[in-house]
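Architecture and fold: a report
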Amino acid sequence: MGRKIILTGSTGKLGSVVLKHLLKTLPPTDLIVSVYNPNGHQELKSKGVDVRAGNFDHPESLVSTYKGGDALFLVSLPSRDDKYRIKSQSQAIDAAKKAGVKHIYYTSLAFPDGSEANVMKAHFATEDYIKQSGLNYTIIREGSYMESYPVYLGLYDTSSDKVVVPGDGKVAFADRAELGEATAKIIASGEYVDETVTLTGDKAYSLKETTEILSSILQKKIEFHKVSTEEFLEHNADKYEVAEWWATSYPTLESGGLGVVDPALERLLGRKPRDFTEMLRETLSNRTAGDQELSEWSSH
Ligand SMILES: NC(=O)c1ccc[n+]([C@@H]2O[C@H](COP(=O)([O-])OP(=O)(O)OC[C@H]3O[C@@H](n4cnc5c(N)ncnc54)[C@H](OP(=O)(O)O)[C@@H]3O)[C@@H](O)[C@H]2O)c1
């Protein structure tokens, strides 16, 4: 019998891909899937996967959920509420420790150390909490999802002819499915102990370049405007709160912090990561996909 790995976030878009790939490489009986609602999931159960109830908001039940596991794959919560995110994730780490788990894998985000972006507050706090827990860890700084391009383009609505951003810089976007595949390889390998691994695409594009690519795919002129933060917030008055929160990411972008290309994703996949332009072309043939990502993201 190998290590027993507890997986969170398996009902989500990243975690479901991680689970799919782990099922290709590890015996299903080595996996414990912790989900909000354990009813159903018949296909997984029939394969021998242990499906258990696990909600970060109910810490008292998490210790028994994580019992028998050697490693915990902790998918960061989808929330802009830093306090809630830090508290819930810390509770999950405490419960894992109490349950005898020895190793935490955490999905952080590929922003550089020292970034003042709000999106990194809970990630940095959780990374530190894990490191101080005394458990072994692997921090996986997942690249900016290609699917999130409307968010980076200043909460851009694909029906609009104008991209308005309070800063520009390159972003090494990565495909979420490939990030999931590589993350599964990291977990299955049992290596990368007490390491931080950064996964990014193999090419970085500025927001201006991304706008030009969009223009050419959609065959319409899309204006690119780099404006002040005040003008950006004015432009997004209808979603002021999320815009104000997200605006703190642009100084990191301007300083080139998101344009750094790390070879780890390509090495783990054993092939070139998916091309951003090709992915955009595919996504835009289904115009609603980007808008859906944006509205999901704004609602958390
Ligand atoms: N790298 C990037 O560019 C980027 C972009 C956006 C988000 N993210 C981060 O990456 C994470 C994974 O992305 P994704 O696209 O897979 O997100 P997603 O599809 O929204 O999945 C989030 C997962 O978290 C689970 N979850 C939510 N609340 C929970 C709770 N209280 N207790 C236990 N589990 C809970 C959800 O379970 P249920 O289905 O049961 O609710 C779901 O499985 C996100 O949560 C977010 O932190 C990264």
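Thresholds applied
Residues numbered from 1 in each chain as written. Predicted model: local features only at pLDDT ≥ 70, side-chain atom pairs only at ≥ 80, totals over all residues. Heavy atoms only, no water. Helix = DSSP H or I, 4+ residues; strand = E, 2+ residues; numbered from the N terminus. Buried < 20%, exposed > 50% of the residue type's maximum accessible area, 1.4 Å probe, protein only. Contact = heavy atoms within 4.5 Å. Areas by Shrake-Rupley, 256 points an atom, 1.4 Å probe, with all protein chains shown as cover. Lys, Arg positive; Asp, Glu negative; His and termini not counted. Charge placed at Lys NZ, Arg CZ, Asp CG, Glu CD. UniProt positions renumbered as here; feature names shortened; annotations may be inferred. Salt bridge = Lys/Arg side-chain N within 4 Å of Asp/Glu carboxyl O. Pairing = 2+ DSSP bridges. Axes fitted to C-alpha atoms, helices over the stretch in contact; angles between N-to-C directions. Arc of directions from axis to C-beta. Phe/Tyr/Trp six-rings, centres within 6.5 Å; stacked < 30°, edge-to-face > 60°. Lys NZ or Arg CZ within 6 Å of the ring centre and 35° of its normal. Near = heavy atom within 4 Å. Polar contact = N/O pair within 3.5 Å; in protein donor to acceptor, adjacent residues only side chain to side chain. Domains from an automatic or database assignment.

Examining the overall build of the protein
The helix and strand inventory of the protein stands at 14 helices and eleven strands. Summarising its shape, the C-alpha atoms of the protein cover approximately 60 × 35 × 35 Å along the three principal directions. A burial count over the protein gives 54% of its 300 residues as buried. Sequence separation of at least 24 residues holds for 76% of the intrachain contacts in the protein that already meet a minimum separation of 6. Summed over all atoms, the accessible surface of the protein reaches about 13,100 Å², with 50% contributed by carbon and sulfur. Within the protein, the 43 negative side-chain charges are centred at a point lying 4 Å from the centre of the 35 positive side-chain charges.

A word on the UniProt feature "domain: NmrA-like" (unreviewed entry) in the protein
UniProt feature "domain: NmrA-like" (unreviewed entry): in the numbering of this structure it lies at residues 3-234. For residues 3-234, the end-to-end C-alpha separation is 52 Å, with 41% helix and 20% strand making up the annotated structure.

Some thoughts on the pattern of salt bridges
Where side chains of opposite charge bring their charged atoms close, a pairing between them can arise. The full count for this structure, using the stated rule, is 15 salt bridges. Measuring nitrogen to oxygen at the nearest pair gives 3.3 Å for the salt bridge that ties Glu209 to Lys170. With Glu209 in helix α8 (residues 207-218) and Lys170 in strand β8 (residues 170-171), this pair connects stretches of sequence that are 39 residues apart. A salt bridge links Asp202 to Lys272, with the shortest nitrogen-to-oxygen separation between them at 3.3 Å. Note that Asp202 is positioned in the loop between β9 (195-198) and β10 (205-206) and Lys272 in the loop between α12 (264-269) and α13 (276-285), a separation of 70 residues in sequence. Lys272 gets classed as exposed once you look at its relative accessible area, which sits at 54%. A single network of salt bridges, built from pairs that share partners, joins Asp113, Glu127 and Arg141.

Notes on the sheet that holds strand β5 (residues 103-109)
Spatial strand order, β3-β2-β1-β4-β5-β6-β9: seven strands in an open sheet with parallel pairing. A strand with exactly one partner marks an edge of an open sheet, and here the two such strands are β3 (50-53) and β9. Along the sheet, successive strands turn relative to each other by an average axial angle of 20°, direction set aside. Seen against the sheet, helix α4 (residues 82-99) touches β4 (71-74) and β5 and runs at an angle of roughly 170° to β4. Sheet strands in contact with helix α5 (residues 118-132) are β5, β6 (136-142) and β9, and its direction is about 160° off that of β5.

Some remarks on helix α3 (residues 59-66)
If you check which residues of α3 are buried, you get Leu62, Thr65 and Tyr66. Within α3, the buried residues cover an arc of 80° as seen down the axis, which keeps them to one side. Exposed side chains of α3 directed beyond 90 degrees from the buried face belong to Glu60 and Ser64. Elements that come into contact with the buried residues of α3 comprise β1 (5-7), β2 (31-35), β3, β4 and α4. In the segment just after α3, Gly68 is the residue with positive phi, at about 90°.

What to know about the packing of aromatic side chains
With the rule as written, the count across this model stands at six aromatic pairs. An aromatic cluster is built from Tyr152, Phe173, Tyr205, Phe232, Trp246, Tyr250 and Phe276, whose rings are joined through pairwise contacts. The positively charged end of Arg80 is found above the aromatic ring belonging to Trp245, 5.9 Å away from the centroid.

Some remarks on the site of the ligand
Not every one of the 23 residues close to the ligand is listed here, only the nearest: Thr11, Leu14, Ser76, Arg85 and Tyr145. Here Arg85 contributes a side-chain N or O atom positioned 2.8 Å from an oxygen atom of the ligand. A distance of 2.8 Å is found between an oxygen atom of the ligand and a backbone nitrogen or oxygen belonging to Tyr145. Listing elements by their share of the shell around the ligand, those giving two or more residues are α1 (13-25) and α4. Residue contributions to the shell around the ligand reach at least three from each of two domains, namely domain 1 (5-142) and domain 2 (144-175 + 201-259 + 271-300).

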